[in-house]
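Structural description and commentary
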Amino acid sequence: MVDIASSQRAPVPPVECARCRGQCLAGTRFCKYCGAPLEGERPASERPSRAASERPQPAPALAPDARRDPQRPPQTAEPAGPISAEASSAPPASQRPLAPLRASLSVRPPAWVPADTQPTRALEGRLIVIVEDGTEGKSFPLAGPQIDIGRTEGDIVLEDDQYVSPRHARIIPQEGSWVLRDLGSVNRIYLRIRKTHPLRDGDLLLLGLEVLQFQTVNDGERGLGHAIQHGTLLFGSPAIHRRARLCQRTVEGVTRDVYHLYRDETVIGRETGDIVFTADPFLSRRHAAIRRNPATGEFTLSDLDSSNGTYVAIREDVSLLDRDFVRIGQHLFRVDLPR
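My aim in this report is to walk through the structure given alongside it, one point at a time. (Residues numbered from 1 in each chain as written. Predicted model: local features only at pLDDT ≥ 70, side-chain atom pairs only at ≥ 80, totals over all residues. Heavy atoms only, no water.)

What about the side chain of Glu210?
For clarity, the cut-off: Helix and strand labels come from DSSP, where a helix needs a run of H or I of at least four residues and a strand needs a run of E of at least two; each type is numbered from the N terminus. Any N or O atom pair separated by 3.5 Å or less is treated as a polar contact, with the protein-specific requirement of one donor-capable and one acceptor-capable atom, and with residues adjacent in sequence counted only for side-chain atom pairs. Residue contacts are counted whenever heavy atoms from the two residues lie within 4.5 Å of one another.
Position of Glu210 relative to the elements: it lies in strand S12 (residues 210–216). At a separation of 2.9 Å, a polar atom in the side chain of Glu210 contacts the side chain of Gln248. Leave out the neighbours within four places in its chain, and Glu210 touches Leu205, Gln248, Phe277, Asp280 and Leu283.

Quick look at empty space enclosed by the protein
Here is the rule: As defined here, a cavity is a set of points on a 1 Å grid over the protein atoms alone where a 1.4 Å probe fits but cannot get out. A pocket is an open set with protein on both sides within 12 Å along at least five of seven lines, and residues line them when an atom is within 4 Å of a point. Grid points are joined across faces, edges and corners, and a volume is the space filled by probe spheres set on the points. In this classification, Asp, Glu, Lys and Arg are treated as charged, Ala, Val, Leu, Ile, Met, Phe, Trp, Tyr, Cys and Pro as nonpolar, and every other residue, Gly included, as polar.
Evaluated as defined, the whole model comprises one cavity of 30 Å³ or more. Contributing to the lining of the largest cavity are Leu127, Ile149, Ile171, Leu180, Leu320, Val326, Ile328, Phe333 and Val335. When residues of the lining of the largest cavity are traced back to their parent elements, those giving at least two are strand S23 (325–328) and strand S24 (331–336). Across the lining of the largest cavity, the residue classes break down as nine nonpolar, no polar and no charged.

Structural notes on the pairing of strand S15 (residues 244–249)
In plain terms, the rule: Each residue is assigned to one of three classes by its accessible area relative to the maximum for its type, calculated with a 1.4 Å probe on protein chains only: buried under 20%, partly exposed between the two thresholds, exposed over 50%. Here a strand pair is declared whenever DSSP counts at least two bridges between the two strands.
S15 sits mainly inside the fold: five of its six residues count as buried. The sheet contact formed by S12 and S15 spans six bridges and is antiparallel. Bridge pairing in S15 links Leu212 to Gln248. Taken together, S15 and the strand that follows it, strand S16 (residues 255–261), pair antiparallel across an intervening segment of five residues, in which Gly253 is found at a positive phi of about 85°.

Concerning the pairing of strand S17 (residues 265–269)
Burial runs high along S17: four of the five residues are buried. Taken together, the two bridges between S17 and strand S18 (residues 275–276) define a ladder with parallel strand orientation. Paired with Ile268 across the two strands is Ile275, which belongs to S18.

Observations concerning the sheet that holds strand S8 (residues 177–182)
If you trace the five strands from one edge of the open sheet to the other, you get S6-S5-S7-S8-S22, paired in mixed fashion. Every interior strand has two partners, whereas the edge strands, strand S6 (156–157) and strand S22 (318–319), have only one. The pairing of strand S7 (residues 169–174) with S8 spans six bridges and is antiparallel. Each bridged residue has a counterpart across the sheet, and for Ala169 the counterpart in S8 is Asp182.

Structure (structure tokens):
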């Protein structure tokens, strides 16, 4: 039988550093405490014990009122005990090889925390038809990925309105709001202005029943000068400095009247103003004003607190607001959104 106790290897005694008396594992080349070489050192159990008088003693503490003499050069500290020849010949600390480092603890990255996956609240709202006498008519909910409006196609079908295109408009949720888009309709989509609106060349305006197109005048039209026929100046009304014009658009598809804008402010109304439409019952007495900035030459449109509002055809996607009014064909809608 094999003696298990005798087969086990006896523990190897540690090696004691001659410089700092540190206990190091057998086979280590350098002291893990002071870096001195350990080659040729004997195990700590075989080294003679050091006398108490030879052991290093702590340096005496200075008295609280001790002062350093500035005239006295600093003294180097004497070694606390005898140093072996091997330790004295050890290389300086800056040239000693570094002791092996312990394996650093692996830091596990924090667990990924998913964002709030709860579904966001769906957008809500309604489109309410406003009839001719100002009362509310049919109501349509705003819900889903998109709402199409048309005469023959879409989610809201206005089959009795011949001024509505087969698929006229689309309302989609986008970035937390409902966005209105024209789908290339013939008669466009008109949105009631809430504040002063900058005008661009080609804008279509709706005031009462009047559809007016705003056009800027190019440089060639602004100063034509006197006309001459057969060497004679043509007699007529005095020339004016034309800056822009409003062209009246009729159901025949042609332009009827042209109104030149040569003042810094042009008022449009049913009874008073620079441009008057006396036969339009839906126009207010003083309905809207077009103003020109003399410094920049830009034109703006403002509503003069009219009863039925002033509308401009949209030219790109617009975000709808609560209590917006939208004109599609002969239908007037009010947008109701939760507050």
